[in-house]
Amino acid sequence: MSRMGDVLAGFHAAWEFESDSVLIRYERGIRAPKLFQALGERRVPLEAIAGVTLTRGKRGTVVLRMEPRPGADPLMEAAAGQLKESGDPYRLVLPADREVLAEYYADELRALLTESGPVDRFLVKPPEGPLSFKAYDGKATFDGRTVNFRWFWTGASSAKWKAGDQSFSVGELNGVEWRSPEVFEGHLRLLRRDARTPGVQADQDPAAVVFGLGYGPVHESLPFAAAVLAAVRTSSPVAAVPAPRRDPADIAERIRHLGELHQAGLVTDEEFSVKKAELLSEL
């Protein structure tokens, strides 16, 4: 760029131009998209950018957008084209009277770009958080090495209760499947290397949590999915870490709920006995 540290401020974000990257600082105000608030800021290396466009926006605005190279950003890879324009972290919306200035920076950026094809490794760092969120049927947590699903008795299906709470090391995984909570059947599914049951609905799959109204919103579940995806891409298969010993009160509550499923005819006598024994073995 002509001067390192130049800043172009727009609605909800500002781009700071450096010699080898663009630092995007997102607004944290209540009017900013919640995804932007969650991201905080992101540094995008120039080698991760395929191109730059400038177009007319709505209601007297112009839109400057960087096009990330395919495979360069775990957030966009996890989103798989499902983000709305208003939540696109690569768009900078400016008043129309700043179009000439925006065009200047667009030209400056284009002159520095040398690559445009797909990449085989992530060039943009994954979001740092959140590392937990509440889905409709369970709580998902991620510590950088292991993804845990803990089921809610008010939302989880009997299939998930039978399977019990789940723990997956990133070495067991092949990727993630994120379906936006803003569409029907939104969910986060972990894609396992040894998966043998393709096509199982998310509400019946112990490797998936399902979203619902107020559960698993974009600004929580998408950064989570991107962080897991980035960890999977940089890991090698490893043995799963044994689950820690559980709280006796929690075990008792789960056995009680299992008994309710049994009495309702949703769990057979054999399934009840086997699952009860598994829960008692965790004490």
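In case you missed it, the structure is sitting above this.
Every value quoted in this text rests on a predicted model; they were computed, and no experiment measured them.

## Remarks on the sheet that holds strand S1 (residues 6-9)
So, point 1. With respect to topology, 4 strands assemble into an open sheet ordered S1-S2-S3-S4, the strand pairing being antiparallel. Edge positions in the sheet fall to S1 and strand S4 (41-45), since each has one partner strand and no second. Recorded for the sheet is a direction-independent mean angle of 20 degrees between the axes of neighbouring strands.
So, point 2. Note that S1 and strand S2 (residues 13-17) share 4 bridges and pair antiparallel.

## Considerations on the environment of Asp-6
So, point 1. Secondary-structure assignment places Asp-6 in strand S1.
So, point 2. Distance from Asp-6 to Val-22, taken between C-alpha atoms, is 10.0 Å for residues 16 residues apart in sequence.
So, point 3. Residues within four places of Asp-6 in sequence aside, it is in contact with Trp-15, Glu-16, Phe-17 and Tyr-105.
So, point 4. Polar contacts involving the side chain of Asp-6 include one to the side chain of Tyr-105, which spans 3.3 Å.

## So, the packing of aromatic side chains
So, point 1. Evaluation of the coordinates by the stated rule reveals 10 aromatic pairs.
So, point 2. Each ring, one from Phe-142 and one from Phe-224, has its centre 6.2 Å from the other, and the planes form 65 degrees; the classification is edge-to-face. Highlighted residues: Phe-142 in strand S9 (residues 138-142) and Phe-224 in helix H5 (residues 218-233), separated in sequence by 82 residues. The burial state of Phe-142 is the same as that of Phe-224; both residues are buried.
So, point 3. With centroids separated by 6.0 Å and ring planes inclined at 65 degrees, the aromatic side chains of Phe-149 and Phe-168 adopt a geometry described as edge-to-face. In this pair, Phe-149 sits in strand S10 (residues 146-151) while Phe-168 sits in strand S11 (residues 166-169), placing the two residues 19 residues apart along the sequence.

## Here's the deal with the pairing of S9
Regular strands have side chains that alternate between both faces of the sheet.
So, point 1. The side-chain alternation of S9 yields one buried face, formed by Gly-138, Ala-140 and Phe-142, and one unburied face, formed by Lys-139 and Thr-141.
So, point 2. With 3 bridges joining them, strand S8 (residues 132-134) and S9 adopt antiparallel strand pairing. Residue pairing for S9: Phe-133 is matched across the bridge by Ala-140.
So, point 3. Taken together, S8 and the strand that follows it, S9, pair antiparallel across an intervening segment of 3 residues.
So, point 4. Two strands pair when backbone bridges link them, and S9 and S10 are joined in this way by 5 bridges, in the antiparallel orientation. Bridge assignment links Phe-142 to a residue of S10, and that residue is Val-147.
So, point 5. In this antiparallel pair of consecutive strands, S9 and S10, the connection spans 3 residues, and Gly-144 shows a positive phi of 100 degrees.

Conventions we followed
Residues numbered from 1 in each chain as written. Predicted model: local features only at pLDDT ≥ 70, side-chain atom pairs only at ≥ 80, totals over all residues. Heavy atoms only, no water. Pairing = 2+ DSSP bridges. Helix = DSSP H or I, 4+ residues; strand = E, 2+ residues; numbered from the N terminus. Axes fitted to C-alpha atoms, helices over the stretch in contact; angles between N-to-C directions. Contact = heavy atoms within 4.5 Å. Polar contact = N/O pair within 3.5 Å; in protein donor to acceptor, adjacent residues only side chain to side chain. Phe/Tyr/Trp six-rings, centres within 6.5 Å; stacked < 30°, edge-to-face > 60°. Buried < 20%, exposed > 50% of the residue type's maximum accessible area, 1.4 Å probe, protein only.

No statement about biological role is implied by the geometric values presented.
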